[in-house]
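An overview of the molecular structure
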Amino acid sequence: MGEKIKLFKIRRHHDRQKYGIAAHSTKELLKKCRVTFQVPLDGCRVCLYEDGTEVTEDYFQRLPNNTELVLLPKGQSWHGYVSDIECLLGMSDEHSRSLIEAAQNLLVAEKAPKRRRLLQDFIANLSENTDAECREEDEAWFEGIDSRFKTKSAYLKYSCESRIRGYQKEVEDSVSKLNTQKLQTEYRKVVDVMINQLKQAKYNGCYFDRQEKECNHLCTQEGWFSCQGAFDTDKCLSLHSINPYGNRESRILFSTWNLDHRPLS
C-alpha cells in the first residue's frame, strides 16, 4: 500500500476502554475494529472523539497518530464531549461513587485553581444526600442549626418565614423616610393590610418546603430551585439552579438567593 500506516486510539460508543489499532485506511481500520470489538461491519463508521466528525478516506490521511476515535455501529451517533457528559448524567448512584473516588484522586495532584474548583464542585454535587430529610439521615447538613429542627423541610420553611419577616421589617422602617404625616398615615394603612395578609399566609414559609403541595412551593419535589431571573426580566439567561436540600454548602449558599429565583413557568 502507498499510504502511510497510522496508529489510533479507538473505543466503542460510551465505552471507556480504548484500544490501539494501526491501519493504512479507513476501510482497513473498520475491518480491524470488527475483529477487536466483535461487531458487524455493515453500517459501521468511525468518528473523532472530540467533536463527532466522521472519518472518511480523504480525512483519514490528514489525521495525526494517536488521534482518539469512536466506533459507531449502525444507528448510533456521537456528538463529541457532549456525549460523554450525557453518559455521566445518566449514571447510577453506584457509578457516582466511583466517579467521586476518581475525582478525589485527581484533586490531590491538581495544581491549576480553575481545575481544582471544577473538581471540588463536581465532588460536592455528586456527594449530595438530597433524598435524606431527617436529621439522623444527614447530620452534616444540620451542622450549626438549632436542635429543634428535625427535618430539612422544617428548617427551610422557617428560613423562608424569617426572610419574609425581614423584608416586612424593611418595609415598616421605610415610613420614616416619608416627609409628611399624611403620607406616613396612608403608608401605614397599606403596610397593615400587607402584614395581615402575610400572617394569614403564615409568611409563605411553604415557598421553600418541598413537602408542601406542588402548587405552593417554588421547588421540585427533590428540592431544586431554578432561577427565573431578576424581577424586571422575562427569564434567566444563565440558567442558575440550586438544591439547598443536597448538602450544607448548598444550604448556606441558598441563603443569598433572592425570592425572584423561582422555577421557570
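Here we summarise the structure given alongside this text. (Residues numbered from 1 in each chain as written. Predicted model: local features only at pLDDT ≥ 70, side-chain atom pairs only at ≥ 80, totals over all residues. Heavy atoms only, no water.)

Side note on the pairing of strand 2 (residues 19-23)
Two strands pair when backbone bridges link them, and strand 1 (residues 6-12) and strand 2 are joined in this way by five bridges, in the antiparallel orientation. Paired with I10 across the bridge in strand 2 is Y19. Linking two consecutive strands that pair antiparallel, namely strand 1 and strand 2, is a turn of six residues; a positive phi of about 60° is found at H14 within it. (Pairing = 2+ DSSP bridges. Helix = DSSP H or I, 4+ residues; strand = E, 2+ residues; numbered from the N terminus.)

Some thoughts on the state of the cysteines
In this structure the tally under the stated criterion is zero disulfides. For C44, which is in no disulfide, the shortest distance to another cysteine sulfur is to C33 and amounts to 8.0 Å. According to the relative accessible area criterion, C44 is buried, its value standing at 12%. (Disulfide = S-S within 2.5 Å. Buried < 20%, exposed > 50% of the residue type's maximum accessible area, 1.4 Å probe, protein only.)

Things to note about helix 6 (residues 152-173)
The end-to-end C-alpha distance of helix 6 is 32 Å, a good match for the 32 Å that 22 residues give at a rise of 1.5 Å each. Residues of helix 6 that are buried make contact with helix 7 (181-200) and helix 8 (248-254). (Expected span 1.5 Å × (residues − 1). Contact = heavy atoms within 4.5 Å.)

Focus on the sheet that holds strand 1
Taken in spatial order, the four strands make up an open sheet running 2-1-4-3, and their pairing is mixed. Across the chains shown, the open sheet's two edge strands, defined by having one partner strand only, are strand 2 and strand 3 (45-48). With strand direction ignored, the average angle separating the axes of adjacent strands in the sheet is 45°. Along the sheet face, helix 1 (residues 26-37) touches strand 1, strand 2, strand 3 and strand 4 (67-72) and points at about 145° away from the line of strand 2. (Axes fitted to C-alpha atoms, helices over the stretch in contact; angles between N-to-C directions.)

Details of the environment of Q61
On the secondary structure map, Q61 appears in the loop between helix 2 (57-60) and strand 4. Relative accessible area serves as the criterion here: at 32%, Q61 is assigned to the partly exposed category. Residues Q61 and T26 lie 35 residues apart in sequence; the distance between their C-alpha atoms is 9.0 Å.

Overview of the side chain of H217
You can see H217 is positioned in the loop between helix 7 and strand 5 (225-226). Taking the relative accessible area as the measure of exposure, H217 reaches 6% and is therefore buried. In this structure the side chain of H217 is engaged in a polar contact, spanning 2.6 Å, whose partner is the backbone oxygen of C219. Those residues in contact with H217, other than ones at most four positions away along the chain, are C206, Y207, D209, R210 and E212. (Polar contact = N/O pair within 3.5 Å; in protein donor to acceptor, adjacent residues only side chain to side chain.)

So, the nonpolar core
Core analysis: the largest hydrophobic core is formed by 20 residues, its most contacted members being L156, F225 and F254. Considering every element that reaches this core, the biggest residue donor is helix 6, with four residues. In this structure, F254 is in contact with L156, R163, F208, F225, I242 and P244, ignoring residues within four places of it in sequence. The next biggest cluster of nonpolar side chains, apart from the first, holds 17 residues, and it includes V39, C44, L69 and L71. (Core = buried A, V, L, I, M, F, W, Y, C linked by side-chain atoms within 4.5 Å.)

These figures come from the coordinates and say nothing about function on their own.
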